[in-house]
Amino acid sequence: MKPMRYTLRALTRLLSYPDEQLRSGFDALLVAIDEEGALSAARRNELRALVTSLQRQDPLEVQARYVETFDRGRSTSLYLFEHVHGDSRDRGPAMIDLVQTYEKAGLYLDPEELPDHLGVVLEFASTQPPALAKAFLVEVAHILNAIFSALLKRESPYAAVIAAVLELAGQKAQAVAIPVEESLDDSWAEPEAFDGCSTRGQSRPSEAQPIHIVRQKPIASQGVAA
C-alpha cells in the first residue's frame, strides 16, 4: 500500500482557513501530493484546479467564502460529530473516546482543539501506517460522503478535497441525499416576544396550538404581616 502521510497533511492544510501564509504555501502542498503519488492523476488535477481558483480570486473574497461554506452551515461543517450527534449529549462521550484514541497513539491535542474536526482527524491518520490510516478513514466515510454531497450542491471547489480523502480511504466519492438544512441564524433565533409561541418541537407544528390557562387554587395565608 502506498504511503499517504504527506498527502493527508497537505489535505489538512487545504481545508484550513485560507490566510496569507496558507496561500503562499499552496504550490508546495501540490508538489508534496504529486511526489507521494497516493492520489490518482485525475484527483490531483482537481486539487490543482482548486488551488488555482483560490489563488486567482481576491483574498478577502476567498476567506469570506470559506467562512460561509464551513462555518455557517451544518451540512458542510468540518466537525464530524456535528453530522452524527448534533447538539445532543452523546457528543461529549464521543469526543472523550476520540481523544483517548489519539492519546493512545501518542497524539495530544491543544486544549482549544476539538478532536472531531476533519483536519485533526486527517492529522492523526497521517501518523499511522497506511493500512491503519485507511481503516480509520473508512469509519467516517459515510460522513465524508454527506459533506461531499453538500459541497457539490453548493458548487464548492472544496468538494475536491473531500473526494481526495475518500479516495485515500478506498471509497468512491458519490452524491447522497442530504436533508434541507435550516440556516444557523434561523435555528438559533429566539421567538419574538408576544409574537406567538415557537412551534419547534411540537408534534403538529403546522397546526394551531391551543393554549390552556389553568386557574390555580389560592395559596393559604402564611400569617406574614404586610
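Q: When you look at the overall build of the protein in this model, what are you seeing that I'm missing?
A: Check the secondary structure of the protein and you find 12 helices and zero strands. Taken over 226 residues, the protein has a buried fraction of 37%. Across the protein, contacts joining residues at least 24 apart in sequence account for 64% of those joining residues at least 6 apart. Total accessible area computed for the protein in this model is approximately 14,300 Å², and 53% of it derives from carbon and sulfur atoms.

Q: Looking at this structure, I do not really get the pattern of salt bridges. What am I missing?
A: Where charged atoms of side chains with opposite charge meet at close range, the side chains can pair. If you walk through the whole model with that rule in mind, you get eight salt bridges. Between arginine 74 and glutamate 82 there is a salt bridge whose closest N-O contact spans 2.3 Å. What makes arginine 74 partly exposed here is its relative accessible area of 25%. Owing to a relative accessible area of 16%, glutamate 82 belongs among the buried residues under this scheme. Through salt bridges that share partners, Asp34, Arg44 and Arg48 make up one connected network.

Q: What is the right way to look at the packing of helix α4 (residues 41-56) against helix α11 (residues 159-168) in this model?
A: For any two helices packed against each other, the geometry is given by the interaxial angle and the distance between the axes. Look at α4 against α11: their axes get within 9 Å of each other, and the N-to-C directions meet at 155°. Judged by the angle between their axes, α4 and α11 are roughly antiparallel. Crossing angle aside, the handedness with which α4 passes α11 is left-handed. The segment α4 lies against α11, with Arg43, Glu46, Leu47 and Leu50 engaging Ala160, Val161, Ala163, Ala164 and Glu167.

Q: Explain the packing of aromatic side chains here, please?
A: Here a ring pair, both rings aromatic, is described through the centre-centre distance and the interplanar angle of the planes. Counted according to the given criterion, the structure contains six aromatic pairs. On the numbers, 5.9 Å between centres and 70° between planes, the contact of tyrosine 66 with tyrosine 158 is edge-to-face. Pair noted here: tyrosine 66 is in helix α5 (residues 59-70) and tyrosine 158 is in the loop between α10 (141-153) and α11, with a separation of 92 residues, a long-range link. One aromatic cluster is present, formed by Tyr17, Tyr66, Phe70 and Tyr158 through successive ring pairs.

Q: Is there a simple way to think about helix α9 (residues 130-138) in this case?
A: Those residues of α9 that sit buried are Ala133, Phe136 and Leu137. Within α9, the buried residues cover an arc of 95° as seen down the axis, which keeps them to one side. Buried residues along α9 sit in contact with α1 (5-14), α7 (91-104), α8 (118-126), α10 and α11.

Basis of the calculations
- Residues numbered from 1 in each chain as written.
- Predicted model: local features only at pLDDT ≥ 70, side-chain atom pairs only at ≥ 80, totals over all residues.
- Heavy atoms only, no water.
- Helix = DSSP H or I, 4+ residues; strand = E, 2+ residues; numbered from the N terminus.
- Buried < 20%, exposed > 50% of the residue type's maximum accessible area, 1.4 Å probe, protein only.
- Contact = heavy atoms within 4.5 Å.
- Areas by Shrake-Rupley, 256 points an atom, 1.4 Å probe, with all protein chains shown as cover.
- Salt bridge = Lys/Arg side-chain N within 4 Å of Asp/Glu carboxyl O.
- Axes fitted to C-alpha atoms, helices over the stretch in contact; angles between N-to-C directions.
- Parallel < 35°, antiparallel > 145°, perpendicular 65-115°, else oblique.
- Left-handed = near helix turned anticlockwise from the far one by under 90°.
- Phe/Tyr/Trp six-rings, centres within 6.5 Å; stacked < 30°, edge-to-face > 60°.
- Arc of directions from axis to C-beta.

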